[in-house]
2 protein chains.
Amino acid sequence: MAKSKSTNRVEFIAIGSELLSPSFIETNSLFLAEKLEELGLRLSFKTVVSDRLEEIKEVLTVAKKRSRLIFISGGLGPTEDDRTRQAVAEVLNRKLIFHQSILDNIKKRFESRGLVMPASNRRQAYVIDGAEILENPMGTAPGMWLETKNQIFVLLPGPPSELKPMVENLVRPKLEKFRQHQVLRAIIKIAGAGESWVEDQIRPVYRMLPENLELTILAAPGDIQIRLSMLVKVSRKKDLLVFDRIKSKIIGLLGNKVYSTSGESLEEVVGRKLTEMKKTLACAESCSGGLLANRITNIPGSSNYFLEGLVTYSNQAKIRELGVPEKLIREKGAVSQDVAEAMAEGVRRKSGADLALSTTGIAGPGGGTEAKPVGLVYVGLAFPGGVWVEKNLFKGNRDQIKFQTTQKALDMLRLKLMELEEEKGSGQ
Amino acid sequence: MAKSKSTNRVEFIAIGSELLSPSFIETNSLFLAEKLEELGLRLSFKTVVSDRLEEIKEVLTVAKKRSRLIFISGGLGPTEDDRTRQAVAEVLNRKLIFHQSILDNIKKRFESRGLVMPASNRRQAYVIDGAEILENPMGTAPGMWLETKNQIFVLLPGPPSELKPMVENLVRPKLEKFRQHQVLRAIIKIAGAGESWVEDQIRPVYRMLPENLELTILAAPGDIQIRLSMLVKVSRKKDLLVFDRIKSKIIGLLGNKVYSTSGESLEEVVGRKLTEMKKTLACAESCSGGLLANRITNIPGSSNYFLEGLVTYSNQAKIRELGVPEKLIREKGAVSQDVAEAMAEGVRRKSGADLALSTTGIAGPGGGTEAKPVGLVYVGLAFPGGVWVEKNLFKGNRDQIKFQTTQKALDMLRLKLMELEEEKGSGQ
């Protein structure tokens, strides 16, 4: 009975003993599931197995009996515990063939960095007989696409930075022939609001949801995403209309708390706006400790609008670098509305940037008092003609408080840029 | 051959279609793996399967053939897609028995909240014949502990808030009888070397490895970990000696490339050293864009040694903030040995810190030329009496180049601190 269904089944196997330990989360399957879903394909099984050859072979033998499309990640490295090539070859009763061209590529990769290829990398030049090579520009392990009479085995490297581009650029196009459905998807990203507020706000939408439309809310401190996905037959206009109506309704209910409907991060959104509006930016950070500058500079091309960031951790640095009056720090404390103001204005003046952000607060775990608890953070934004400061009380650990601080700063910048754009648009 | 080993195998099965979607991460297995490890037990397989009865049964049939201890989570709820009870009963060829006492408990649970139990919850009062009931104070679904002739099946609720206390309070004590082993573990962390170099270096160790010692190399750009784990009989001193000898051998072969053997991150290691040696730190970043300051300030207490960081992204900021001569930038370029030197010295002078790091390079994806390609990064370290600059050519995307840059900077700082410590120790 299982056999008859096996023609359409898709499964994923992750290989690596570390993935069975308490501290590792396997994430390749999530990425793959997303790509498959876009083609209307769904995983039926996900398996994690150790590096042991016998156990890998057992799992492959099971997969061979029950699934049509079998994705395997990991175990393609150069070391002795990388046994995926061998296991798949043995289970399919095929030989491993040495490819000089792969070895040459790996050697070149090492040479371009002035290194000599270690002998162990030679293992990576062996390919299962009959498999098509999937090139890996991000690493030394090539992937493989192997079609047998009834099945397809896809061998992928374990590191997500190598697997993702390989799936996107090489595997996905080859999977198009399996497409039967399409999935309509939308991600609505929200900052500056809590999960329950969002849930309350979009309550009217729940009654409108058709059966095949899935709505998921993913909430992390400082960032909320509403994910919509709808599995529909290809080219059904009516479904498209329903989907768009619901998406628009949600966006309308959440107003300007929505910062992206195209998957962009907050730093991408403000980066795009700054570029469009030809505005420059600087920042002065205390409690966020460089995370704000780091997020801003993660965006390619940020050097066009980001002039500088100062991580003024000590009081001396705040005084010397930003011209924050010593008296102000003494009287109000480094974590205060006034110091946040002075920091934002100080870095704006100094850098000559159009807009300047500042953060000062207590990221914890130590340093909190009753009057100024861990999580108290002031975020400032200096702009032409003024400075805007918001007081926040964030929950969470040190990392989460740092993240929420930068999220707030970027969101204030986003709202200010929208305002400036509107003023300009209305001729002011 | 697999059969003979099956007596000792442990596996975990998570049931739920949502766990196969792109947005859900299954975490129960991580908690369980941790608890099992405390008893010296290791997972051999982890499987995620949909809510479909036939597919659950297939996975259970495979598990029944290969493992002794089988943990199953999820699918014990009251709805029609909760099919774990039925699937296990059918695979083991046992009946489901109605228990009035369970139903009474569920009813009471609803009543205590002023609610009437929906009829669907009646499903939860059925128990597989022969199974012991595991009470669930956190929810309506009881768990089950079922011993057959050669195997144990443990059925657990899916929500982590229900599974965790059940495992901790009811399952763990019952597993004590399996404790025969303990796991010895070590993590050796390495910076400033590639995976193949590490592999080549430790090759002599492979020949010394006993069967029960597992060695795994985890490699990410800029960071490598060697993980050792060894399953040993409780209180066998000889095993402990073997384990320590191998660990020491590896550390010896890798020399000062090893930055931690206790799990610490590089920023923790340098933070601890700076604190112990009462040294202060500042940094000036160009291509790492704040990531270096961010990593340094991720460590609680970093405000005691970290004075300030400057993210001097524009040339103007390098000139104004750090006193880098304009002529130098014009003649050598912002990405050069000389500018890295001037940046490190500039921020050290300005901040009064004992040690100061600098980074300048091309993080990409744009901005590269033939002479100065993407990935070219100079990292500088100014210290009392000098400045040390290293030229690097990193591979990878923007994030990876930024990360490797900061890894290199922190590692240079680590090596310099070790050197200073030795000089002091030797009376210089």
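Residues numbered from 1 in each chain as written. Chains lettered and ligands numbered in written order. Predicted model: local features only at pLDDT ≥ 70, side-chain atom pairs only at ≥ 80, totals over all residues. Heavy atoms only, no water.

Residues and elements named next belong to chain A. Cis peptide bonds are those with omega within 30 degrees of zero, and the linkage from Gly364 to Pro365 qualifies with 0 degrees. Here Pro365 lies in the loop between strand E15 (355–361) and strand E16 (376–383). In this structure, Asn93 is a non-glycine residue whose phi angle is positive, near 60 degrees. Structurally, Asn93 is set in the loop between helix H4 (84–91) and strand E4 (96–98). (Helix = DSSP H or I, 4+ residues; strand = E, 2+ residues; numbered from the N terminus.)

All names here are of chain A. Burial analysis of helix H2 (residues 28–38) places ten of its eleven residues in the buried class, the great majority of the element. For H2, every residue scored as buried is listed here: Asn28, Ser29, Leu30, Phe31, Leu32, Ala33, Lys35, Leu36, Glu37 and Glu38. For H2, the secondary structure elements touched by its buried residues are strand E1 (10–15), strand E2 (45–49), strand E3 (69–73), helix H6 (160–175), strand E9 (181–190) and strand E11 (223–233). Remark: Gly40 follows H2 within two positions and exhibits a positive phi of approximately 80 degrees. (Buried < 20%, exposed > 50% of the residue type's maximum accessible area, 1.4 Å probe, protein only. Contact = heavy atoms within 4.5 Å.)

The next point concerns the side chain of Gln225 of chain B. Residues and elements named next belong to chain B. With respect to the helices and strands, Gln225 occurs in strand E11 (residues 223–233). There is a polar contact of 3.2 Å between the side chain of Gln225 and the side chain of Arg227. Not counting residues up to four positions away in its chain, the partners in contact with Gln225 are Ile187, Ile188, Lys189, Thr216, Ile217 and Leu218. (Polar contact = N/O pair within 3.5 Å; in protein donor to acceptor, adjacent residues only side chain to side chain.)

What follows deals with the domain arrangement of chain A. Residue and element names in this part refer to chain A. Its domain assignment divides chain A into domain 1 (2–178), domain 2 (181–260) and domain 3 (266–425). A straight line from the C-alpha centre of domain 1 to that of domain 2 covers 34 Å. With six residues of domain 1 in contact, the opposing surface of domain 2 contributes six residues. Where domain 1 abuts domain 2, roughly 490 Å² becomes buried across the two surfaces, and 43% of that area is made up of carbon and sulfur atoms. The largest contributions to the domain 1 side of the interface with domain 2 come from Glu37, Glu38 and Gly40, which together make up 66% of the buried area. Two residues, Arg185 and Glu37, come together in a salt bridge whose shortest N-O distance is 1.9 Å. Counted by class, the side of domain 1 that touches domain 2 contains one nonpolar, one polar and four charged residues. (Domains from an automatic or database assignment. Buried area = accessible area lost by both parts, 1.4 Å probe. Salt bridge = Lys/Arg side-chain N within 4 Å of Asp/Glu carboxyl O. Nonpolar A, V, L, I, M, F, W, Y, C, P; charged D, E, K, R; others polar.)

Two residues of an α-helix separated by three or four positions point the same way, owing to the 3.6 residues in each turn. All names here are of chain B. Its twelve residues give helix H10 (residues 266–277) an end-to-end C-alpha distance of 16 Å, which sits within 8% of 16 Å, the value for a rise of 1.5 Å per residue. Three or more residues of H10 are buried, namely Leu266, Glu267, Val269, Val270, Gly271, Lys273, Leu274 and Met277. Against the buried residues of H10 lie strand E12 (258–260), strand E13 (281–285), helix H11 (291–297), strand E15 (355–361) and helix H15 (398–425). A positive phi of about 55 degrees marks Lys278, the residue just after H10. (Expected span 1.5 Å × (residues − 1).)

Let's shift gears to the side chain of Arg85 of chain B. Residues and elements named next belong to chain B. Mapped onto the elements of the fold, Arg85 is located in helix H4 (residues 84–91). Of the side chains bearing the opposite charge, Asp82 lies closest to the buried Arg85, which forms no salt bridge; the N-O distance is 5.9 Å. Only 3.4 Å separates the side chain of Arg85 from the backbone oxygen of Arg123, close enough to count as a polar contact. When sequence neighbours within four positions are dropped, the list of residues in contact with Arg85 reads Gly75, Leu76, Gly77, Leu96, Arg123, Gln124, Tyr126, Ile128 and Met144. (Lys, Arg positive; Asp, Glu negative; His and termini not counted.)

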